[in-house]
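# Overview (structure and organization)
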Amino acid sequence: MRALTYQGPYRVQVEQKPDPRIEHPQDVVLKVTRAAICGSDLHLLHGLVPDTRVGCTFGHEFTGVVEEVGKEVAQLKKGDRVVVPFNISCGTCFYCQRGLTGNCENSNPGSDVASGVYGYSHTTGGFDGGQAEYVRVPFADVGPMKIPDDMDDESVLFLSDILPTGYQAAEMGEIKGGETVVVFGAGPVGLFAMKSAWLMGAGRVVAVDHVPYRLEFARKFANVETVNFKEVGDIVLHLKEMFDGRGPDVCIDAVGMEAEGSRAHRVLGLGLKLEAGAPTVIEWCINTVRKGGNVSIIGVYGPPWNFVPIGTAMNKGLTLRMNQANTRRYMPHLLEHIQKGRIDAKGIITHRFPLEQAPDAYHLFAQKRDGCVKCVLMPHGHA
């Protein structure tokens, strides 16, 4: 089969790999119909995730058609269309029984960091991802969700990751109604966090970014106020003044380890690798949010440590919540939001490419060119 493969930092290519096969009776093999490039895939591309091995296939956001079925799979049959959560979860362990599928201990037993994840290095289990013609899906009765017959694949594609991730980000902010919310990052996860904040009853939502076309997209797609942090003197003071000098009730980090905005953090984290990426936005969140407020961290950071102002958080009485999204538990609820027209999930897609052009798509997305918000790959067709 044809599959995208990692060739080292900043280098990916499409090449032939062996077709995946049933390795366990609870597996299925999918023919991939759509695969998206996620912002966190760029961390892999840039060599920032430990134990990303040459030859591995990226891609943890995908839909597909069941091609082969393991003998213990009861819920799926050949020909079923499904969307697959990025977490690989067993459904029976301590964490899965508590709805924490992002922390499954059976899909990634060699590490205490997250569950198994498709296409996201050997740190998360070494599973090949879905930016390929075919992909193996373990624990097939647990994760995949059937796509309704009257819905196309792209309408539900982002139930695999970024929509539940953005929704959980807002939920962790404990938005009950009327709260003021600042979302750092106007990429796909940030956009869905903004939409979710409104669904939960937020009274005011502000997006912070530095790329003009992303801020304009956020204004139109999520109906939010926007701030370009490169156009204000001090982003923390600017945001505090927007909220009566106290700061907002909730700050959401939807950026992660490659944040702009601090030369020191970028040198330490991305250049010298003395911390796990650039935690600039965590610092901004802690310093911006009001005393007693909530900070929700959904941006991806690698282990083992970062330099963050935890003393400020303690003395301000903040609540900090974070996790990989527990995707599967949100999928039915968010499917209903899509069906009812409350969220136009595929409305963030700006570019589509055949699989052969995946390297070009990666570099377009990484360099934020041509108004790119979200790229979708089509392994068996043409854009």
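Source: prediction; values computed, not measured. Residues take numbers from 1 onward in each chain, read along the sequence in its written order. Local features in this predicted model are restricted to residues whose pLDDT is 70 or higher, and side-chain atom pairs enter the listing and the counts only when it is 80 or higher, whereas totals over whole chains, interfaces and linings include all residues. Hydrogens are left out, water is left out, and the side-chain values use all remaining heavy atoms of the structure.

### Points about the UniProt feature "domain: Alcohol dehydrogenase-like C-terminal" (unreviewed entry) in the chain
We count it as follows: UniProt positions are given in the numbering used here, feature names are shortened, and annotations may be inferred rather than shown by experiment. Only runs of H or I of at least four residues qualify as helices and only runs of E of at least two qualify as strands under DSSP, and these elements are numbered from the N terminus.
Here the UniProt feature "domain: Alcohol dehydrogenase-like C-terminal" (unreviewed entry) sits at residues 188-260. Between the C-alpha atoms that bound residues 188-260 there is a distance of 17 Å. The span itself is 42% helix and 19% strand.

### What about the layout of surface pockets?
Put simply, the test is: Using only the protein atoms, space was sampled on a 1 Å grid; points where a 1.4 Å probe fits but cannot get out form cavities, open sets with protein on both sides within 12 Å along at least five of seven lines form pockets, and lining residues are those with an atom within 4 Å of a point. Grid points are joined across faces, edges and corners, and a volume is the space filled by probe spheres set on the points. Residues are grouped as follows: Ala, Val, Leu, Ile, Met, Phe, Trp, Tyr, Cys and Pro are nonpolar; Asp, Glu, Lys and Arg are charged; every other residue, Gly included, is polar.
Taken as a whole, the second largest pocket holds about 270 Å³ of empty space. Lining the second largest pocket are 18 residues, with Pro20, Arg21, Glu23, Asp128 and Arg136 positioned closest to its centre. Among the residues forming the lining of the second largest pocket, the class breakdown is eight nonpolar, four polar and six charged.

### As for the packing of helix H3 (residues 162-172) against helix H10 (residues 327-339)
Going by this rule: Every axis in this analysis is a line fitted to C-alpha atoms, fitted for helices over the stretch in contact. Angles between the N-to-C directions lie between 0 and 180 degrees. Should an angle fall under 35 degrees it is taken as roughly parallel, and over 145 as roughly antiparallel, whereas 65 to 115 is taken as roughly perpendicular and any remaining angle as oblique. Contacts were defined at the residue level, with two residues in contact if any of their heavy atoms lie within 4.5 Å.
Two elements in contact, H3 and H10, have axes separated by 9 Å at closest approach and are oriented at 100°. Classified by the angle between their axes, H3 and H10 sit roughly perpendicular to one another. Together, Leu163, Pro164, Tyr167, Gln168 and Glu171 of H3 and Thr327, Arg329, Tyr330, His333, Leu334 and Ile338 of H10 make up the contact between the two elements.

### A few points about the sheet that holds strand S11 (residues 204-209)
To be explicit about the condition: At least two DSSP bridges between two strands are required for those strands to pair.
The sheet built from six strands is open, its strands ordered S12-S11-S10-S13-S14-S15 with parallel pairing. Two strands bound the open sheet, and with one partner strand each, they are strand S12 (225-228) and strand S15 (319-322). Sheet twist, expressed as the average angle between the axes of neighbouring strands with direction ignored, equals 20°. Judged from the four bridges that link them, strand S13 (residues 250-253) and strand S14 (residues 294-297) form a sheet pairing that is parallel. The partner of Ile252 across the bridge, within S14, is Ser296.

### Focus on the UniProt feature "domain: Alcohol dehydrogenase-like N-terminal" (unreviewed entry) in the chain
Residues given the UniProt feature "domain: Alcohol dehydrogenase-like N-terminal" (unreviewed entry) here are residues 25-144. Across residues 25-144, the secondary structure splits into 6% helix and 25% strand, with the terminal C-alpha atoms separated by 16 Å.

### Examining H10
What counts here: Between the first and last residue of a helix there are one fewer steps than residues, each counted as 1.5 Å, and that sum is the expected span. By definition, a residue's bend is the angle between the axes fitted to the seven residues ending there and the seven starting there. Accessibility here uses a 1.4 Å probe with only protein chains present; expressed as a share of the type maximum, an area under 20% marks a residue as buried, one over 50% as exposed, and anything in between as partly exposed.
Taking 1.5 Å as the rise per residue, H10 with 13 residues should run 18 Å; its terminal C-alpha atoms sit 18 Å apart, in good agreement. Of all the bends in H10, the greatest measures close to 30° and is centred on His333. When we look at burial in H10, the residues that qualify are Thr327, Tyr330, Met331, Leu334, Leu335, His337 and Ile338. Against the buried residues of H10 lie strand S5 (81-84), strand S6 (87-88), strand S9 (145-146), helix H2 (153-156), H3 and helix H4 (188-199).

### Considering the side chain of Thr57
Along the chain, Thr57 falls in the loop between helix H1 (39-45) and strand S4 (62-69). Those residues in contact with Thr57 that sit more than four places away from it in its chain are Ala3, Leu4, Thr5, Lys17, Gly119, Phe127, Asp128, Gly129, Gln131 and Ala132.

### Considerations on the packing of aromatic side chains
Operational definition: Under the pairing criterion, centres of Phe, Tyr and Trp rings, with the six-membered ring standing for Trp, must be within 6.5 Å; the plane angle then separates stacked pairs below 30 degrees from edge-to-face pairs above 60, leaving the rest tilted.
Evaluation of the coordinates by the stated rule reveals 10 aromatic pairs. Centre to centre, the rings of Tyr6 and Phe58 are 5.5 Å apart; their planes meet at 35°, and the pair counts as tilted. With Tyr6 in strand S1 (residues 2-6) and Phe58 in the loop between H1 and S4, the pair connects residues that are 52 residues apart, well separated along the chain. Considered together, Tyr6 and Phe58 belong to a single accessibility category, that of buried residues. Ring geometry for Phe217 against Phe221: centres 5.8 Å apart, planes inclined by 25°, an arrangement best described as stacked. A residue pair is termed a helical-turn pair when its members lie 3 or 4 positions apart in one helix, as Phe217 and Phe221 do in helix H5 (residues 212-222) at four residues. Exposure remark for Phe221: the relative accessible area of 15% places this residue in the buried category.

### Considering the side chain of Asp161
What counts, and what does not: This count recognises Lys and Arg as positive and Asp and Glu as negative, with His and chain-terminal groups excluded. The salt bridge criterion pairs a side-chain nitrogen of Lys or Arg with a carboxyl oxygen of Asp or Glu, the two atoms within 4 Å. Identification of polar contacts relies on pairs of N or O atoms within 3.5 Å, with a donor-acceptor requirement for protein atoms, meaning one able to donate a hydrogen and the other able to accept it, and with residues adjacent in sequence counted only if both atoms are side-chain atoms.
Structurally, the position occupied by Asp161 is in the loop between H2 and H3. This buried residue, Asp161, is left without a salt bridge; Lys374 holds the nearest opposite charge, at 6.4 Å. Separated by 2.8 Å, the side chains of Asp161 and Thr165 make a polar contact. Excluding its chain neighbours within four sequence positions, the residues that come into contact with Asp161 are Cys38, His60, Glu61, Phe86 and Thr327.

### Points about empty space enclosed by the protein
Over the atoms, a rolling probe the size of a water molecule traces out where space has been left empty. For the structure on display, the rule yields one cavity of 30 Å³ or more. Approximately 40 Å³ is the volume attributed to the largest cavity. Contributing to the lining of the largest cavity are Val84, Pro85, Asn87, Ile88, Ser89, Tyr118, Val137, Pro138, Phe139, Gly143 and Pro144. Partitioning the lining of the largest cavity into residue classes produces eight nonpolar, three polar and no charged.

### Some thoughts on the pattern of salt bridges
Following the criterion strictly, the structure yields 21 salt bridges and no others. Put simply, Lys77 and Asp80 hold a salt bridge, and the shortest N to O gap is 3.0 Å. The network of salt bridges with common partners includes Arg2, Glu133 and Glu356.

### Structural notes on the packing of helix H6 (residues 235-242) against helix H8 (residues 280-288)
For any two helices packed against each other, one specifies the inter-axial angle together with the distance between the axes. Rule in force here: Each crossing gets its hand from how the near helix is turned against the far one by less than a right angle, where anticlockwise is left-handed and clockwise is right-handed.
Where H6 contacts H8, the axes come no closer than 9 Å and their chain directions differ by 35°. Crossing of H6 over H8 shows right-handed handedness. Where H6 abuts H8, its residues Ile235, Val236, Leu239 and Lys240 lie against Trp284, Asn287 and Thr288. Here the residues of the contact of H6 with H8 are counted per class, giving four nonpolar, two polar and one charged.

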